[in-house]
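Each chain, written out:
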Amino acid sequence: MSADTVTRSGGINVPSLSDEGRLDHLLIASMVNDNTRVLDVGCGDGALLRLLTDKHGVDGRGIELSKSGVNEAVAKGLSVIQGDADTDLADYPDDSFDYVILSQTIQATRRPKVVLEHMLRVGRHAIVSFPNFGHWKLRLQLLVKGKMPMTGILSNPWYDTPNIHFCTIRDFVGLVDEVGAKIERAEALNRYGAPLGFTAPWWVWNMFGEQGLFLLKRGPR
């Protein structure tokens, strides 16, 4: 298996340790039913969208901020347009998709709550993954060094990072409650995108998970 590092929108470096693709992508794909309509927001080079299209037969669409990402995705034969999650999700009608995915990007949006609300309006389900800024290594670096922490996943210095809203797993759970959504499935992941493999209270996941992954269902309107 390869151990290449893949950078996705949001400046997150996630190693790829599977011949079939990134482990977190495979986990996200397991949350998506076959032959459904999917919008991947901040889709990068389209790797996840390609996986969902090829393996699950989804009707997939993508939005990507960077022109290079759009070009790579289109070269894969995917339907991807250049756009911004903060502004362009508002243009989509209600219930346009079964799933709206925001992978490793919500911390780089200007208005995370508004983005999540639009995701749950546009899609019946939302899938969100993000780096957990509550991980013990980050806490320890801040405590001992007194400097903004960096890890293998969060490798950008504070003055050169696209991450503008630092979020922990517990923060995100609170946001889900605030927008009235239901958590259908949740996973705390290690740096490689694999689940920690045990059930625990939120504070444990918040301490030891390097990433969070949530499958959400919109609440009653």
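Below or above, wherever it landed, is the structure these notes cover. What you see is a predicted model; the values in this text were computed from it and never measured.

## As for the overall build of the protein chain
- Of regular secondary structure, the protein chain possesses 8 helices and 9 strands.
- Its C-alpha atoms give the protein chain a radius of gyration of 16 Å, near enough to 17 Å, the size a compact globule of 221 residues would have.
- The principal-axis extent of the C-alpha atoms belonging to the protein chain is close to 50 × 40 × 35 Å.
- Evaluated residue by residue, the protein chain yields a buried proportion of 51% over its 221 residues.
- When contacts within the protein chain are restricted to residue pairs at least 6 apart in sequence, those whose partners lie at least 24 apart make up 65%.
- Accessible area of the protein chain: about 10,400 Å², with a carbon and sulfur share of 53%.
- Side-chain charges of the protein chain comprise 24 positive and 26 negative groups, with the mean position of each set lying 3 Å from the other.

## A closer look at the packing of aromatic side chains
- Taken as a whole, this structure holds 7 aromatic pairs when the rule is applied.
- A centroid spacing of 5.0 Å and a plane angle of 50° characterise the contact between phenylalanine 172 and phenylalanine 214, whose relative ring orientation is tilted. Of this pair, phenylalanine 172 sits in helix α7 (residues 169-179) while phenylalanine 214 sits in strand β9 (residues 211-217), and the two are 42 residues apart along the sequence. Per residue, the accessibility class of phenylalanine 172 equals that of phenylalanine 214, and both read buried.
- These aromatic residues form a ring-pair network of at least three members: Phe130, Phe172, Trp202, Trp205 and Phe214.

## Describing the pattern of salt bridges
- All chains considered together, the criterion is met by 10 salt bridges.
- A salt bridge links aspartate 98 to arginine 37, with the nearest nitrogen and oxygen atoms 3.5 Å apart. Pair noted here: aspartate 98 is in strand β6 (residues 97-103) and arginine 37 is in strand β3 (residues 37-41), with a separation of 61 residues, a long-range link.
- With relative accessibility at 17%, the residue aspartate 98 sits in the buried group.

## Describing the environment of arginine 22
- The topology assignment puts arginine 22 in the loop between β2 (12-16) and α1 (23-30).
- Along the chain, arginine 22 and tyrosine 192 lie 170 residues apart, while their C-alpha atoms are 7.9 Å from each other.
- Within the local environment of arginine 22, its side chain forms a polar contact with the side chain of aspartate 24, the two groups lying 2.6 Å apart.

## A look at unusual backbone geometry
- The phi angle at aspartate 95 is positive, at roughly 55°, despite the residue not being glycine.
- In this fold, aspartate 95 is placed in the loop between α4 (85-88) and β6.
- For aspartate 95, a relative accessible area of 27% translates into the label partly exposed.
- Of note in the backbone geometry, glutamine 104 takes a positive phi value of approximately 60° without being a glycine.
- Looking at the element boundaries, glutamine 104 is found in the loop between β6 and α5 (112-122).

## Let's talk about the nonpolar core
- Ranked by internal contacts, the top residues of the largest apolar core, which has 30 residues, are Met119 and Phe172.
- Going through the elements one at a time, β3, β6, α5, β7 (123-131), α7, β8 (182-189) and β9 are the ones with two or more residues in this core.
- What phenylalanine 172 contacts, discounting residues up to four positions off in sequence, is Ile106, Leu116, Val128, Phe130, Cys167, Phe214 and Leu216.
- Membership of the second largest hydrophobic core comes to 16 residues, among which are Val38, Val58, Ile127 and Leu189.

Conventions we followed
- Residues numbered from 1 in each chain as written.
- Predicted model: local features only at pLDDT ≥ 70, side-chain atom pairs only at ≥ 80, totals over all residues.
- Heavy atoms only, no water.
- Helix = DSSP H or I, 4+ residues; strand = E, 2+ residues; numbered from the N terminus.
- Rg over C-alpha atoms; globule rule 2.2 N^0.38 Å.
- Buried < 20%, exposed > 50% of the residue type's maximum accessible area, 1.4 Å probe, protein only.
- Contact = heavy atoms within 4.5 Å.
- Areas by Shrake-Rupley, 256 points an atom, 1.4 Å probe, with all protein chains shown as cover.
- Lys, Arg positive; Asp, Glu negative; His and termini not counted.
- Charge placed at Lys NZ, Arg CZ, Asp CG, Glu CD.
- Phe/Tyr/Trp six-rings, centres within 6.5 Å; stacked < 30°, edge-to-face > 60°.
- Salt bridge = Lys/Arg side-chain N within 4 Å of Asp/Glu carboxyl O.
- Polar contact = N/O pair within 3.5 Å; in protein donor to acceptor, adjacent residues only side chain to side chain.
- Core = buried A, V, L, I, M, F, W, Y, C linked by side-chain atoms within 4.5 Å.

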